[in-house]
Structure formats: C-alpha cells, structure tokens
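Observations on chain architecture
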Amino acid sequence: MRPTSVVHRGRAAIAVATAFGLATITGVATGAAPAAAGTPAAAAPSVAESTPTSASVPAPVAARHTTRGHLPPTPGAPGIGDSYYPLYGNGGYDVRHYGIKVAYDPATDLLTGTTTITAKATKNLSRFDLDLVLRATKVTVDGRPARFRQVKGQELVVTPARPVRAGRDMVVTVTYAGVPSATQPFEWTPWVKNADGAVAIGEPEIAAWWFPSNDHPLDKARYDISLTVPKGVEAISNGVLRSQRFGRTTDTWNWRVRTPMASYLAFAAIGQFDVVKGETKSGLPSLNAYAVGGGEAGQRARRDIGRTPEVVDWLSRVFGPYPFEAVGGVAPVGKFGFALENQTRPVYSPKFWAKGQNMGVVVHENAHQWFGNSVSVHHWKDIWLNEGFASYAEWLWDEQHGGDSAQKTFEAEYAKQPADAAFWRVVVADPGPDNQFDGAVYDRGAMAVHALRNRIGDAAFFHLVRTWTAKHRHGNATVEEFEAMAEKISGQELSPFFRVWLRTASRPEPTVANGFPARS
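Residues numbered from 1 in each chain as written. Predicted model: local features only at pLDDT ≥ 70, side-chain atom pairs only at ≥ 80, totals over all residues. Heavy atoms only, no water.

Attention now moves to the overall build of the protein. The helix and strand tally for the protein stands at 9 helices and 28 strands. The contacts in the protein between residues at least 6 apart in sequence include a share of 69% that link residues at least 24 apart. Of the roughly 19400 Å² of accessible surface on the protein, a fraction of 53% belongs to carbon and sulfur atoms. (Helix = DSSP H or I, 4+ residues; strand = E, 2+ residues; numbered from the N terminus. Contact = heavy atoms within 4.5 Å. Areas by Shrake-Rupley, 256 points an atom, 1.4 Å probe, with all protein chains shown as cover.)

Quick look at the sheet that holds strand E6 (residues 74-75) now. Read from one edge of the open sheet, 4 strands run E6-E9-E13-E12, paired in mixed fashion. If you trace the sheet from one side to the other, it starts and ends with E6 and strand E12 (147-151), each paired once. Here 5 bridges tie E12 to strand E13 (residues 155-159), and the two strands are oriented antiparallel to one another. Bridge pairing in E13 places phenylalanine 148 opposite valine 158. (Pairing = 2+ DSSP bridges.)

Buried residues dominate E13, accounting for 5 of its 5 residues. Where burial is concerned, the two faces of E13 agree: the one with Glu155, Val157 and Thr159 and the one with Leu156 and Val158 are both buried. The sheet contact formed by strand E9 (residues 125-131) and E13 spans 4 bridges and is antiparallel. By the bridge assignment for E13, leucine 130 is matched with leucine 156. Two successive antiparallel strands, E12 and E13, enclose a turn made up of 3 residues, where glycine 153 displays a positive phi of approximately 125 degrees. (Buried < 20%, exposed > 50% of the residue type's maximum accessible area, 1.4 Å probe, protein only.)

We now examine helix H5 (residues 406-416). Buried within H5 are the following residues: Ala406, Gln407, Thr409, Phe410, Glu413 and Tyr414. Buried residues of H5 fall within an arc of 160 degrees about the axis and therefore sit on the same side. Its buried side turned inward, H5 meets helix H4 (384-400), helix H6 (439-456) and helix H9 (495-502). (Arc of directions from axis to C-beta.)

Moving on, we get to the sheet that holds strand E20 (residues 250-261). Spatial strand order, E11-E10-E14-E8-E7-E17-E20-E19: 8 strands in an open sheet with mixed pairing. The open sheet has two free edges, formed respectively by strand E11 (144-145) and strand E19 (240-246), since each of these has just one partner strand. Across 6 bridges, E19 lies against E20 in antiparallel orientation. From the neighbouring strand, valine 240 faces E20, where its bridge partner is arginine 256.

What follows deals with H4. Here H4 is 17 residues long and its end C-alpha atoms lie 23 Å apart, about the 24 Å a rise of 1.5 Å per residue gives. Extensive coverage of H4 is indicated by the burial of 14 of its 17 residues. Of the residues flanking the end of H4, it is glycine 402, one or two places downstream, whose phi is positive at about 85 degrees. (Expected span 1.5 Å × (residues − 1).)

Residue position: alanine 177 is located in strand E14 (residues 169-178). The partly exposed category is assigned to alanine 177, whose relative accessible area is 26%. The sequence separation of alanine 177 and leucine 134 amounts to 43 residues, and the corresponding C-alpha distance is 5.9 Å.

Following this line, the structure appears as structure tokens:
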C-alpha cells in the first residue's frame, strides 16, 4: 500500500489500520478514528445474532461423535491469533480454494453472491467461523444444510449437521446478499462506491464486504472469481481472465488465480473501463484497466501503469523470479487516497497523478508482489517487511534510472527528520495497529533496508533479498526470521543494528555500526 500523501502520524491524511481496518484516505473522512494506544486492538463488538439459526437443521451431534482414539469435536477459534486483530481470520481449518460468484448492480449497490470454500479441517470441528459482514441466507457443509448465526461485526458462526474430522476436506457454500456501501458494522466501510460502479479494495481487510473467508494472510488459497454485471459494464479482478459470457442484460467476467493469495488482496473493480491487454518480455500476460473519463490524471496514470511489464521485468532482476501468473494495474475513479498491491494487478487512486507523472507508486505496488503478496506477513505487526522493502524499491528504481542514488535519498531522509520528531518514535518492527501505516513504517523502514545494505555490502545484501523471496515464496514470514537470515548470509552479528533501526523509539546515531558510511 502507498497513501497518496504520507504525513507522519497524521490520521486525517494517511492510511491507518484501526482496530478493524482501513480508516482514512487523503482529504476524505471514511470512518471511525483508530483505537487509542493501549486499547485492545480488536476488542470484540457486542455479540448479537443477526441471522437466526435454521429450525429445520438438526442440532449438532458433536457430543455423540467421539471415537476411540479420537478427541471429541470442539469449536474452531473465532480468530487466527493475530496480536493486532484477535478476531481476524479463524482457527480449525485451512482453506484450499474459493469459488466466488457474485452479481453486482451499480445502480443500487446491491451485491448477491454464492461462495464455495474448499478447506481441510485441522482439528475435529463441531463448528467454525467465517468472516462476513453481508447477510448470509443459506449455508451448507458437504451438501447438507448447516445451522448458522451472525454476530454483530464480521463473524459468521457455522455449525455443520455432522462434525468435521481432522484431516478431512469440507466444502462450505454460503449464499448471501447486501449493499456493501451501507453495511457498516464498525461505522465505516472499505467498499468504494462511485458514479458507475464500485471498487472492493482495502487493507488489512475488504473480503468480508463481498465474500466469506478466513480473512488473514496466514491462510492463503487459490481463487476462481466470477463477476456478473449489467451489460456493457467491465468487471476486473485478479489473475488471468479465463472467459467472458455475454447475455442479453448482463455480462459475466471469469477470473482465475492459480497461485496462493491472501484474502485482502482479492479485489473487484466494476465500472466503465478501457481494458488493454499485452504481455511482458518474459511472456507473462498483462492486463490493465483505465477508467473511462479519468481526465488528465487518468491519462498520466495510463502512461505510467502501461510501463508495468518493464517494472516487473526490472524487479525480477533485483528480487528474483516474478512469483505470479499475470501482471497489470487498474486506475478506477473513486474517493480513495491510496494504492494497493492487489495480487497480480495493483489498484491505484487517480490522486497519485493529480500533479504529474508518478512512476514511484507503480514500482512500489509491484515490489509488493514479492514483499507482501508472495512473502506475506505472519502477523500484521510484521508490516515493515512489506512497506520497508516496497519503499526501498522506489529508491533503487531512481538509482538505476537516472535519479538520485539510494545513498543520497537515505541521507536526505535522515536529515529532514530532527532527533525529536515523532517520526523516530514509531517502532517499525512492531508499530501497533494505530501506526501500522504510519509514514515512518515506509520511510524509516526504507532507511533501515538501505542501512543494512551499507552494513553488509551489496553482494551479501542482494543475495539475502533473493534468498528470502525464494525461501518464503507463497508463504508467510516474520521480521525475526529475516534478521536471522541476514546474520547467516552476512556472517555478522546484527542484533544491535536491528535493535537500533527496528525496535528503538529514537533516531539512530550515524555510525558505521548503524549502517552509515565512514566519514573521511
């Protein structure tokens, strides 16, 4: 993610992760203020059933389904265990595949959907949760009607007719509907409605506003996404466009994601778009979509996003082989003030091009395909691994394309932040949900990356980067794992270095040990 205007600790102008998600865009009030420091990040909303259980479904028989040598079925956890967002994601199962079929009417903002989830139980399950804010009307598990209830917030609690044994696959189908822009369980919505459609885009969440999921990066899956829209309207999503079906009054766009993807990276952009197809030099399919009537900013965006294949080929030389099956970008209209690294196809606010060209944001979001999308956070506190490296990719692009050297940018960033600035008080290895998208995570984060490069040298640094993206390809990783790999590859003791840059709420001293060049 990259906010259009990064101001350090400025809640009105940067993207901030609140207790329940994204809450700001530049110049537009979109929701509740973040939780105060020290407040439990995801204190559960009050529990209130909003969907009655079906009286026709028999009561669970978990208590009777104990078999010699097996533990009795028990409920899956209502959260996956993230320290910032305890109710994000769920426990007890691992999703393999999402089959999302939704129909959307831009005139009414009504979305109706049926999503089929294929998952493996990781314990004997008597019931389990999914994350969904739209109203569910029917749930089946392995073809049998299931009891379900929705609590205020985003938990859909499902009790199958029969317990699901550990190690067994289950197929869960949920039918649901709602008006996403009016569905605001936390007094805000990440769903971006515009004049001719909508964009489903947000971090750390958006999925619950258009499909049920295990909504946390720890549970990646593959996707088939089918979007049915009024005739003549475009519907863009992730991966490869497999087919289009044209009817008398509606069109259906079918997309496939063949590589594992975190739920917040799934997106839909619906409206009037000019769709441009091509391919990279290495043969990857490229698909870009530009909003019709985007004005001057839209034309500038078109020129820069059109260079995505070039950017991806360059990043592949820096970070290692591209991890996905397609590339592209989307420039919709709408009142949102950030860009997001949606897998295979980042989505950009037109505000990035309000004053001129902006290749930096294209580099940033495509760098996330490696740092954030392929190698994803283990918990959201590991966000530095995403934003620090994506921001540093912008410095490297400038360095290798006629701009300032990364060292000059590093020195300028360090000099412009006085020692007493709030910027230095953000602990980037664990910034807290209130500061998850603070400017320091981006800029101090990029400084930490460059300081590491200075400290261990170019050969070890770029070997580290490529080894990291290869080892954790399509997986999850922590800051601590990165530090351990840096020490192993460099052969240096780096604990004091990382403590100063990532875990100390003060300005690092400009010493050689801290990654500053020796003074002559």
